[in-house]
Amino acid sequence: WAITQEFAPGAELLLTLPTGLTPEDTSGLVYDPALNQLTFPANSGELRLQAAADLPDSEIGILVALRTDGIIADELNYPIRVVPAYFVSRNGGQVTALDGRVTVEIPAGALSEDAMFAINALVDETAQPGPLNNTPIEITAISDATEQAITQFNAPVDITISYADTFIPGDENSLALVYLDEMTGEWRYLPSSVNTEEKTITAQSTPLPVLSLNIKE
């Protein structure tokens, strides 16, 4: 986090964490485990948190309070969207998320190392909506060892997205997955196949772009 203004000496930030979220390392921290609360000087900093495997909600909040002269001067609830991570070994595997709506098949040889995958529906107000005004999907992968982002694979991965709950203003056989070109902000088509019985679209990709669906003209 970043603090963009100065406070009186001794001002503190209090971070009260929800159930299931704890500091990764409490060394050097003022931490009250009974309240699951951290206290910091009111200046910029960073903190690594760890989440329990069974967080109860898809969106949780951290209560952030500013305390000056022992009095709470202001507070806000900072929302955090919980996105589960899935382990895939370098031998390949399958990840299914968002209530079964998205599946990623990683073939053997596509990964040079073990990885953690996350699949996230971009519901934030700042996210660019899909061409059919639907919610875009973000798929990310990081190295399990170094936590560095994996942006390219040695072989294409198969990505399957369900359109069962999406209004299709046209012929569903003309559907295709599209990816967001971050340089131009335009949606570009991926070669895709449609399964009208299962209401799914499948495409291959070597990088992991932000995805949505559209009707090919």
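Analysis parameters
Sequence order as written defines residue numbering, which begins from 1 separately in each chain. Per-residue local features are limited, in this predicted model, to residues with pLDDT of at least 70; the limit for side-chain atom pairs, both in listing and counting, is 80 or more; totals at the level of whole chains, interfaces and linings are taken over all residues. As a rule here, side-chain values cover all heavy atoms of the structure and leave hydrogens and water aside. Strands were regarded as paired on the criterion that DSSP finds at least two bridges between them. Only DSSP runs of H or I with at least four residues qualify as helices, and only runs of E with at least two residues qualify as strands; both kinds are numbered from the N terminus onward. In this analysis, axes come from line fits to C-alpha atoms, helices being fitted only over the stretch in contact, and the angle between any two N-to-C directions falls in the range 0 to 180 degrees. Residue exposure (1.4 Å probe, protein chains only): buried if accessible area is under 20% of the type maximum, exposed if over 50%, otherwise partly exposed. Along the chain, pLDDT gives the predictor's confidence residue by residue, from 0 to 100. Nonpolar core, defined: a set of buried Ala, Val, Leu, Ile, Met, Phe, Trp, Tyr and Cys residues in which side-chain atoms within 4.5 Å join the residues together. Two N or O atoms form a polar contact when they lie within 3.5 Å of each other; inside protein one atom must be a possible hydrogen donor and the other a possible acceptor, and for residues adjacent in sequence the pair counts only when both atoms belong to side chains. Contact definition: two residues touch when any of their heavy atoms are within 4.5 Å.

Chemist: Could you clarify how one ought to interpret the sheet that holds strand E10 (residues 102–106) in this entry?
Modeler: The strands making up a sheet are joined through hydrogen bonds of the backbone, oriented either antiparallel or parallel. Judged by pairing direction, the sheet is antiparallel, and its five strands sit side by side in the order E9-E10-E13-E17-E16 without closing on themselves. Bordering the open sheet on either side are strand E9 (93–97) and strand E16 (192–195), each of which pairs with just one other strand. Between one strand axis and the next, the sheet turns through 15° on average, direction left out of account. One ladder, built from four bridges, connects E10 with strand E13 (residues 157–162); its direction is antiparallel.

Chemist: Which parts of the structure should I look at to understand the sheet that holds strand E11 (residues 115–121)?
Modeler: With antiparallel pairing, six strands are arranged side by side in an open sheet as E8-E11-E12-E18-E14-E15. The sheet is open, and its two edges are formed by strand E8 (85–88) and strand E15 (186–189), each paired on a single side. This sheet shows a mean twist of 35° between the axes of neighbouring strands, independent of strand direction. Taken together, the five bridges between strand E14 (residues 175–181) and strand E18 (residues 210–215) define a ladder with antiparallel strand orientation.

Chemist: Sorry, what's going on with the pairing of strand E12 (residues 137–143) here?
Modeler: Each regular strand carries side chains that alternate between the two faces of the sheet. The two faces of E12 differ: Ile137, Ile139, Ala141 and Ser143 on one face are buried, but Glu138, Thr140 and Ile142 on the other face are not. Relative to E12, E11 is paired through seven bridges, and the arrangement is antiparallel. Within E12, the residue paired with Phe117 across the bridge is Ala141. The sheet contact formed by E12 and E18 spans two bridges and is antiparallel.

Chemist: Can you walk me through the confidence of the model for the chain in this structure?
Modeler: Any region with low pLDDT has predicted coordinates that should not be read closely. Considering every residue of the chain, the mean pLDDT works out to 89; 96% of them sit at 70 or more. Averaged over each element, pLDDT in the chain is lowest for strand E5 (residues 49–51) (80) and highest for E10 (97).

Chemist: Honestly, the pairing of E11 in this entry has me stumped. Any pointers?
Modeler: Within E11, six of the seven residues are buried, leaving the element largely enclosed by the surrounding structure. Two elements, E8 and E11, share four bridges in a ladder whose sense is antiparallel. Residue pairing across strands places Ala85 opposite Ala118, the latter belonging to E11.

Chemist: Can you help me understand the nonpolar core in this one?
Modeler: It is characteristic of soluble globular proteins that their nonpolar side chains tend to be buried jointly. Judged by nonpolar contacts, the single largest core of 33 residues is most densely connected at Ile106, Phe117, Ile119, Ile139 and Phe153. Of all the elements in the fold, those that place two or more residues in this core are E9, E10, E11, E12, E13, E14, strand E17 (200–205) and E18. Ranked by the residues each element gives to this core, the list is headed by E11, at four residues.

Chemist: Sorry if this is basic, but what is going on with the environment of Asn36 here?
Modeler: Considering the arrangement of structural elements, one finds Asn36 in the loop between strand E3 (30–32) and strand E4 (37–41). C-alpha of Asn36 to C-alpha of Ser212: the two residues are 176 residues apart in sequence and 39 Å apart in space. Within polar-contact distance, the side chain of Asn36 engages the backbone oxygen of Leu21 at 2.8 Å. A polar contact is formed between the side chain of Asn36 and the side chain of Tyr31, at a distance of 2.6 Å.

Chemist: What is the right way to read the side chain of Asn214 from this model?
Modeler: With respect to the helices and strands, Asn214 occurs in strand E18. Separated by 3.3 Å, the side chains of Asn214 and Tyr189 make a polar contact. Setting aside its immediate chain neighbours within four residues, Asn214 contacts Pro131, Leu132, Ser174, Leu175, Ala176, Val178 and Tyr189.

Chemist: Would you mind going over the environment of Pro169 with me for this structure?
Modeler: With respect to the helices and strands, Pro169 occurs in the loop between E13 and E14. Distance in space between the C-alpha atoms of Pro169 and Pro156 is 30 Å, their sequence separation being 13 residues. Setting aside residues up to four positions removed in sequence, Pro169 forms contacts with Leu132 and Ile215.

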